Amino acid sequence: MRLRYAMVCSSNQNRSMEAHFLLKREGFDVCSYGTGTHVKLPGPSLREPNVYEFGTPYKQMFDELRRKDPELYKRNGILPMLKRNLAVKTAPQRWQENGPDGHFDVVFTFEEKVFDMVVEDLHTRDHVLLKPVLVINLEVKDNHEEAAVGARQTLTLCQEIEETNGWEDVIDDLISTFERKHRRKVVYTISFY
């Protein structure tokens, strides 16, 4: 694969990691991030989420939640999700702190709020390279089933982008065709590094 991809959701746990896992398995050069202030995982109730700092290892989260209530976190899919994440990378990373990772050619987000944060962040960075970056939002509900569907659709769109001789000239047609085929609205913009 010739392009670098970033997958971004709020906590770098479910949607971005499912896409990261799938694209990595298919040989793509891919990283993933979250844009939130903290990493949040469901807890025993909506008012009691499990909150972690970005950079907290997935293994630490897994061990802690397994100790707290193994049945609950297995049943709600959090332990299997963390186990998958462990196989992909060490810990969740924050988009706003990804400078050392270099630049990306294509960034996928999975929620409009995250898309807006990524675009705003890119606009505030120094544009030294004047290298274009395509930012695409594919709206995906934050649950395990939708994350899996969204990851497969992201893979499809990445494969189509890879097949072009340069996405800049064909992105409008690619997105239109994708929207018709998958009956999903896609928002996208171009920013620069």
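Before reading on, note that the structure itself is shown above.
Read on for an overview of the structure. Only a predicted model underlies this, so the values are computations on that prediction, with no experimental measurement involved. (Residues numbered from 1 in each chain as written. Predicted model: local features only at pLDDT ≥ 70, side-chain atom pairs only at ≥ 80, totals over all residues. Heavy atoms only, no water.)

### So, the side chain of S191
Next up, step 1: Here S191 is to be found in strand β7 (residues 186–192).
Next up, step 2: When near neighbours in sequence (up to four residues on either side) are disregarded, S191 contacts L122, H123, K131, P132 and V133. (Helix = DSSP H or I, 4+ residues; strand = E, 2+ residues; numbered from the N terminus. Contact = heavy atoms within 4.5 Å.)

### Thoughts on the pattern of salt bridges
Think of it this way: side chains of opposite charge can pair up when their charged atoms draw near.
Next up, step 1: Going through the model one piece at a time under the given rule, you end up with twelve salt bridges.
Next up, step 2: Ionic pairing is found between E111 and R15, a salt bridge with its closest N-O pair at 2.9 Å. Of this pair, E111 sits in the loop between β5 (106–109) and α5 (112–124) while R15 sits in helix α1 (residues 15–25), and the two are 96 residues apart along the sequence. Of the two residues, E111 and R15, neither departs from the other in class, the shared state being buried.
Next up, step 3: For R94, the salt bridge goes to E97, with nearest N and O atoms at 3.6 Å.
Next up, step 4: Connected through shared salt-bridge partners, R15, E111, K113 and D142 make up one network. (Salt bridge = Lys/Arg side-chain N within 4 Å of Asp/Glu carboxyl O. Buried < 20%, exposed > 50% of the residue type's maximum accessible area, 1.4 Å probe, protein only.)

### Describing the packing of helix α6 (residues 144–162) against helix α7 (residues 171–182)
Next up, step 1: At a minimum axis separation of 11 Å, α6 and α7 run at an interaxial angle of 150°. Relative to α7, α6 is oriented roughly antiparallel. In this structure, α6 meets α7 at a crossing whose hand is right-handed. Across the interface between the two elements, Q153, T156, L157, E160 and I161 from α6 touch L174, I175, F178 and H182 from α7.
Next up, step 2: Considering only residue class, the contact of α6 with α7 consists of five nonpolar, three polar and one charged. (Axes fitted to C-alpha atoms, helices over the stretch in contact; angles between N-to-C directions. Parallel < 35°, antiparallel > 145°, perpendicular 65-115°, else oblique. Left-handed = near helix turned anticlockwise from the far one by under 90°. Nonpolar A, V, L, I, M, F, W, Y, C, P; charged D, E, K, R; others polar.)

### With respect to α5
It helps to recall that an α-helix has 3.6 residues per turn; residues three or four apart then point in one direction.
Next up, step 1: The end-to-end C-alpha separation of α5 is 18 Å, in line with the 18 Å expected for 13 residues at 1.5 Å each.
Next up, step 2: Along α5, the positions that sit buried rather than exposed are V114, F115, V118, V119, D121 and L122. Down the axis of α5, the smallest arc covering the buried residues is 160°, so these residues share one side. Every exposed residue of α5 that faces more than 90 degrees away from the buried side is listed here: E112, E120 and T124. (Expected span 1.5 Å × (residues − 1). Arc of directions from axis to C-beta.)

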